[in-house]
There are 2 protein chains.
Amino acid sequence: MLALISSGVAVTRAEIARHTGLARSTVSHRVDALIAHGFVDEDTEAPSTGGRPPRRLSLRTHGHAIAGVDIGASHCRVGLLDVKGTLLAVREDPLTIADGPEAVLGHVERTLPRLLEVADGTAPRTLRAIGVGVPGPVEFSTGRPVDPPIMPGWHHYPVPEFFGERFGVRALVDNDVNVMALAEQRRAFSDALHLLYLKVGTGIGCGIVADGHIHRGAQGSAGDIGHIRVGERDEPCHCGNSGCLEAVAGGAAMAARLRDVGLEAIGSLDVVRLVREGNREAVRTVREAGRAIGEVLSGLVNFFNPETVVVGGALSAVHDQLLAGVREAVYGRSNPLATNVLRIEPSRIGENAGAIGAGILAIEHALSPAQVDRALATDATAV
Amino acid sequence: MLALISSGVAVTRAEIARHTGLARSTVSHRVDALIAHGFVDEDTEAPSTGGRPPRRLSLRTHGHAIAGVDIGASHCRVGLLDVKGTLLAVREDPLTIADGPEAVLGHVERTLPRLLEVADGTAPRTLRAIGVGVPGPVEFSTGRPVDPPIMPGWHHYPVPEFFGERFGVRALVDNDVNVMALAEQRRAFSDALHLLYLKVGTGIGCGIVADGHIHRGAQGSAGDIGHIRVGERDEPCHCGNSGCLEAVAGGAAMAARLRDVGLEAIGSLDVVRLVREGNREAVRTVREAGRAIGEVLSGLVNFFNPETVVVGGALSAVHDQLLAGVREAVYGRSNPLATNVLRIEPSRIGENAGAIGAGILAIEHALSPAQVDRALATDATAV
């Protein structure tokens, strides 16, 4: 019913009854409940001119907000969205994820109320749901990180309960590349039902949208491509194997290679800086990393047959060089049928992709039929 | 509504009204239509003892049949299933797919009526829908093969129209490994929402079930893993590249290797025979092929994170040797989180997987809400 209203397909009680085949009384009962719970607004009645004009329904955007939280290794970005997914406000702060969940989530806890006050300059908004992206594996059903390598202290930490106790709303937690993939698919590439989002930063990860939905796999570890072997390479990897994609083509590996030839490069951002300065060694390194990524990607393209591959992460700042290598390898190696209409493009959403994607995740959950039913069945006003 | 009846969740008009929130009159109207169109049966009224006992509804299995057709390179298997997916009869004949669609489909056309007559020994059945699996890429929306390498004459052939004109029913056409994956998932591994089906025969292909649905990808070429590069290998492949999985570990490649050492081996079945005879060279070849398959699969397991990988095809007849190599490579190389609960198992459905899977594909389509709505909206009795 919300989908009909939101999409504009049916925006009056009569139209909804016609579209769903539900009895008029059932529809009216349900619409009243949706209004009472703040999901939907109904027009004030227009002045009657002859017959009584039907009152129009719309998704309620004012008064409410959904938070989208993007937690990175060294930053935290908190966004506020309305229920249609429009970004109302966003704030980024430096932060060390290794300081542990209490410190990091405490920061989010302090930031959110301030954002809710200012938001889009109108009246304060009520928080309805929270989406969170973190840089590690998450058991999606419980929202708990599972042995996240760069998040000491976060293993099994009950992130949803942290927010539930403080804000009284549901929080959904997911891997950061999953929500970034969701943001790119929903906002920039909505014609691509099957999309891969490659994040090339210090490490390398992949978010998967299959048939319009995030594919998380059996243990929620789908897209963990950083340790796929690149053929004929044997760079040792911190995971204990060798030749892993991350050890060959991650930002940290690129920086290490540039240090080896005497350049000053601590991390991904230095690689980006050197490429922008026109350093030949850096350009060559990024291009070669692109080829290694493309070699692995060519197999995934054959297997998954996506319409679109989006490349994001710190290294996408120099996507001219990176994508040249990626495309070269993929188009040279993948099945022609799979590359026929394949697009390989830099991120379009950019730095807010994590916060927006986390917010979209929370909105889509809150507006799902099961959740709406649950909200209507109780007296609680929180979705 | 059919799902409620089929699963036994709601089997009377009153229960359906309660579960769906639909008005009683709407439910009764729709149930009458389902009965009239032959989807559903209703109990004859039981003798009244006090109140009138509610009449129970069930999916109609008698009188109807769905065909599942498995077309291979050199065989054709035609199965008949009832609407619940029970295999009623099956018949296999040798056949050459390269003889072209008229010859092959003509054979199916002649076989079907005979199967419908005998089926399970009861009265003749009416054909309601047809599912077809073919060994090549298919544009699923139109049911037409697309440049299938081993199917000369089949490019863009309108298979659904062939059957539609002759039997007046809808035919769905899909790649054979897709329907085999579906059969294994629905019948043998229904607890695995994410499943890969590897067919190791002359060539190597993969069927993908993601979140319970066949994943076909953007051009329907998903699962085409035969030309993924095996690291450090350079066997020339007929596709023009080198080191392709199929050229390294397919049945044809294995047979060629055994011929090189003086053994008599024309195809996959000879490899199987030699292994069964205990030939060491053949055992070693199959085990090494397993390792190469496992090397590629380890990357796909990291990417897709399936619960279950099922290995079928001619070579699965010697799965002890094949799976030893596959498991060795996957467990040695994939992320521990992804292999935690991963099962790698031989096919459980066996030789009828293609026919059963094609039948299930047709049944699930025929009973989908959109198709049922369409059937009810017309006077046609064919689903």
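Residues numbered from 1 in each chain as written. Chains lettered and ligands numbered in written order. Predicted model: local features only at pLDDT ≥ 70, side-chain atom pairs only at ≥ 80, totals over all residues. Heavy atoms only, no water.

A. How the structure looks around helix α13 (residues 353-366) of chain B. For α13(B), spanning 14 residues, the distance from its first C-alpha to its last is 20 Å, which sits close to the expected 20 Å at 1.5 Å a residue. Within α13(B), 13 of the 14 residues are buried, which leaves the element mostly enclosed by the surrounding structure. (Helix = DSSP H or I, 4+ residues; strand = E, 2+ residues; numbered from the N terminus. Expected span 1.5 Å × (residues − 1). Buried < 20%, exposed > 50% of the residue type's maximum accessible area, 1.4 Å probe, protein only.)

B. Quick peek at the interface of chain B and chain A. Each side of the interface is counted separately: chain B has 46 residues, and chain A has 46 residues. A buried area of about 3600 Å², summed over both sides, lies between chain B and chain A, and 54% of it is on carbon and sulfur atoms. Summed over the shared surface of chain B and chain A, the result is 2 salt bridges. A salt bridge links B:Arg229 to A:Glu232, with the nearest nitrogen and oxygen atoms 3.4 Å apart. (Contact = heavy atoms within 4.5 Å. Buried area = accessible area lost by both parts, 1.4 Å probe. Salt bridge = Lys/Arg side-chain N within 4 Å of Asp/Glu carboxyl O.)

C. Summary view of the packing of aromatic side chains. All names here are of chain A. Applying the stated criterion across every chain, the model contains 7 aromatic pairs over all chains. For the pair Phe 162 and Phe 163, a centre-to-centre distance of 5.3 Å together with 80° between the ring planes defines the contact as edge-to-face. Note on Phe 162: relative accessible area 4%, which makes it buried. The buried category is assigned to Phe 163, whose relative accessible area is 0%. (Phe/Tyr/Trp six-rings, centres within 6.5 Å; stacked < 30°, edge-to-face > 60°.)

D. Representation of the relation of the copies chain B and chain A in the model. Between the two copies, chain B and chain A, the superposition gives an RMSD of 0.0 Å; the rotation angle is 180° and the shift along the axis is 0.1 Å. Within this description, the copies of the chain are treated as partners about a two-fold rotation axis. Looking at the rotation axis and the C-alpha trace of chain B, the residue lying nearest is B:Gly231, at 1.9 Å. Both copies share a contact surface, since 100% of the interface residues of chain B are interface residues in chain A too. (Least-squares fit on C-alpha atoms with pLDDT ≥ 70 in both.)

E. Seen up close, the domain arrangement of chain A. All names here are of chain A. Domain boundaries assigned for chain A yield domain 1 (2-59), domain 2 (64-180 + 353-377) and domain 3 (190-347). Each partner contributes to the interface: domain 1 provides 8 residues, whereas domain 2 provides 10 residues. Summed over both sides, the interface between domain 1 and domain 2 buries roughly 820 Å², with carbon and sulfur atoms accounting for 70% of that surface. Of all residues in domain 1, His 37, Phe 39 and Leu 59 bury the most surface against domain 2, accounting for 55% of the area lost on that side. One can count 0 salt bridges joining domain 1 with domain 2. Applying the counting rule to domain 1 against domain 2 returns 0 residue pairs in polar contact (both at pLDDT 80 or more). A class-by-class count of the residues in the side of domain 1 that touches domain 2 yields 5 nonpolar, 2 polar and 1 charged. (Domains from an automatic or database assignment. Polar contact = N/O pair within 3.5 Å; in protein donor to acceptor, adjacent residues only side chain to side chain. Nonpolar A, V, L, I, M, F, W, Y, C, P; charged D, E, K, R; others polar.)

F. Geometry of the pairing of strand β10 (residues 195-200) of chain B. Residues and elements named next belong to chain B. Along β10, 5 of the 6 residues are buried, which leaves the element largely enclosed by surrounding structure. Here 6 bridges tie β10 to strand β11 (residues 204-210), and the two strands are oriented antiparallel to one another. The residue of β11 that forms the bridge with Leu 195 is Val 209. Between the antiparallel neighbours β10 and β11 lie 3 residues. (Pairing = 2+ DSSP bridges.)

G. A look at the side chain of B:Asp93. Residue and element names in this part refer to chain B. Mapped onto the elements, Asp 93 comes out in strand β5 (residues 87-94). Within the structure, Asp 93 has its side chain in polar contact with the side chain of Arg 91 (distance 2.9 Å). A distance of 3.2 Å separates a polar atom in the side chain of Asp 93 from a polar atom in the side chain of His 107. Not counting the four nearest positions on each side in its chain, Asp 93 is found in contact with His 75, Cys 76 and His 107.

H. Region of the structure containing the sheet that holds strand β9 (residues 170-175) of chain A. All names here are of chain A. Taken in spatial order, the 5 strands of this open sheet run β5-β4-β3-β6-β9, and their pairing is mixed. What marks the edges here is a single partner per strand, and that holds for β5 (87-94) and β9. Here the strands of the sheet are splayed against their neighbours by 15° on average, with no regard to which way each runs. Strand direction decides the pairing type here: strand β6 (residues 126-134) and β9, joined by 6 bridges, are parallel. Pairing of Ile 130 across the sheet is with Ala 171, part of β9. Across the sheet, helix α6 (residues 176-187) is in contact with β3 (64-71), β6 and β9; its angle to β9 comes to roughly 100°. (Axes fitted to C-alpha atoms, helices over the stretch in contact; angles between N-to-C directions.)

I. Layout of the pairing of strand β6 (residues 126-134) of chain B. All names here are of chain B. Judged by how many residues are buried, β6 sits mostly within the fold: 8 of 9 residues are covered. As paired strands, strand β3 (residues 64-71) and β6 are joined by 7 bridges and run parallel to one another. Paired with Val 69 across the bridge in β6 is Val 132.

J. Quick peek at the packing of helix α3 (residues 24-36) of chain A against helix α14 (residues 369-377) of chain A. Residues and elements named next belong to chain A. Closest axis-to-axis distance for the α3/α14 pair is 10 Å, and the angle between their directions is 80°. Classified by the angle between their axes, α3 and α14 sit roughly perpendicular to one another. Each of Arg 30, Ala 33 and Leu 34 in α3 lies in contact with α14, whose residues at this interface are Val 372, Asp 373 and Leu 376. (Parallel < 35°, antiparallel > 145°, perpendicular 65-115°, else oblique.)

K. Seen up close, the packing of α6(A) against helix α13 (residues 353-366) of chain A. Residues and elements named next belong to chain A. With their axes 7 Å apart at the nearest point, α6 and α13 run at an angle of 80° to one another. Considering the angle they form, α6 stands roughly perpendicular to α13. Only Ala 353, Gly 354, Ile 356, Gly 357, Ala 358, Ile 360, Leu 361 and Glu 364 of α13 make contact with α6, whose side of the interface consists of Val 179, Met 180, Leu 182, Ala 183, Glu 184, Arg 186 and Arg 187. Of the residues contributing to the contact of α6 with α13, the split by class is 9 nonpolar, 2 polar and 4 charged.

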